[in-house]
Amino acid sequence: MQPFADDALLLCPYCGEEVEVTVDPGGPSSETYVEDCPVCCRPWVVHVSREDEDVSVFLGREDD
């Protein structure tokens with residue numbers, strides 16, 4: 001049984017603070033969405049890719 005959600009510790013691409021991003025491991029093979037930083041409130045572009053049970057998360061800047 002897969003877990004309901006996975007947490008990834010990443011650095012905000014704007015303020016550099018370590019933040020926790022929660023992703024659903026059972027979603028599509030890849031997805032991109034916008035989420036605001038809980039520290040500086042600037043918008044990230046969250047890139048998620050899944051292969052079998054491996055989940056990769058990358059944060060990008062919305063202004064890139």
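Conventions and cut-offs
Residues numbered from 1 in each chain as written. Predicted model: local features only at pLDDT ≥ 70, side-chain atom pairs only at ≥ 80, totals over all residues. Heavy atoms only, no water. Helix = DSSP H or I, 4+ residues; strand = E, 2+ residues; numbered from the N terminus. Rg over C-alpha atoms; globule rule 2.2 N^0.38 Å. Pairing = 2+ DSSP bridges. Axes fitted to C-alpha atoms, helices over the stretch in contact; angles between N-to-C directions. Core = buried A, V, L, I, M, F, W, Y, C linked by side-chain atoms within 4.5 Å. Buried < 20%, exposed > 50% of the residue type's maximum accessible area, 1.4 Å probe, protein only. Contact = heavy atoms within 4.5 Å.

Q: Hey, could you run me through the overall build of the protein chain in this one?
A: Scanning the protein chain from N- to C-terminus turns up zero helices and five strands. Traced from its N-terminal end to its C-terminal end, the protein chain shows the element sequence β-β-β-β-β. Against the globule reference of 11 Å for 64 residues, the protein chain gives a C-alpha radius of gyration of 12 Å, in line with a compact fold. Referenced to the eigenvectors of the C-alpha coordinate spread, the extents of the protein chain come out at roughly 35 × 20 × 15 Å.

Q: Got a minute to help me understand unusual backbone geometry in this structure?
A: Note: most peptide bonds trans; most residues except glycine with negative phi. Here C41, not a glycine, exhibits a phi torsion of approximately 65°, which is positive. Within the element layout of this structure, C41 appears in the loop between β3 (30-36) and β4 (43-51).

Q: Looking at this structure, I do not really get the environment of D24. What am I missing?
A: Inspection of the secondary structure assignment puts D24 in the loop between β2 (18-23) and β3. Sequence spacing of D24 and D7 is 17 residues, and the spatial spacing of their C-alpha atoms is 8.9 Å.

Q: Can you help me understand the sheet that holds β4 in this one?
A: Sheet strands pair by backbone hydrogen bonding; their relative direction is either parallel or antiparallel. The three strands are arranged β3-β4-β5 in an open sheet whose pairing can be described as antiparallel. In the strand order of this sheet, the two ends are held by β3 and β5 (54-61), each with one partner. Strand-to-strand twist of the sheet, defined as the mean angle between neighbouring strand axes without regard to direction, takes the value 25°. As paired strands, β4 and β5 are joined by eight bridges and run antiparallel to one another. Note on β5: the bridge partner recorded for S49 is S56.

Q: Is there a simple way to explain the nonpolar core in this structure?
A: Ranked by size, the top nonpolar core spans 13 residues in total, and within it L10, V21, W44, V46, V57 and L59 carry the most contacts. Counting only elements with at least two residues in this core, the list comes to β1 (6-11), β2, β4 and β5. V57 has contacts with A8, L10, V21, V23, V46 and H47, leaving out every residue within four places of it along the chain.

Without other data, these values stay purely geometric and don't point to any function.
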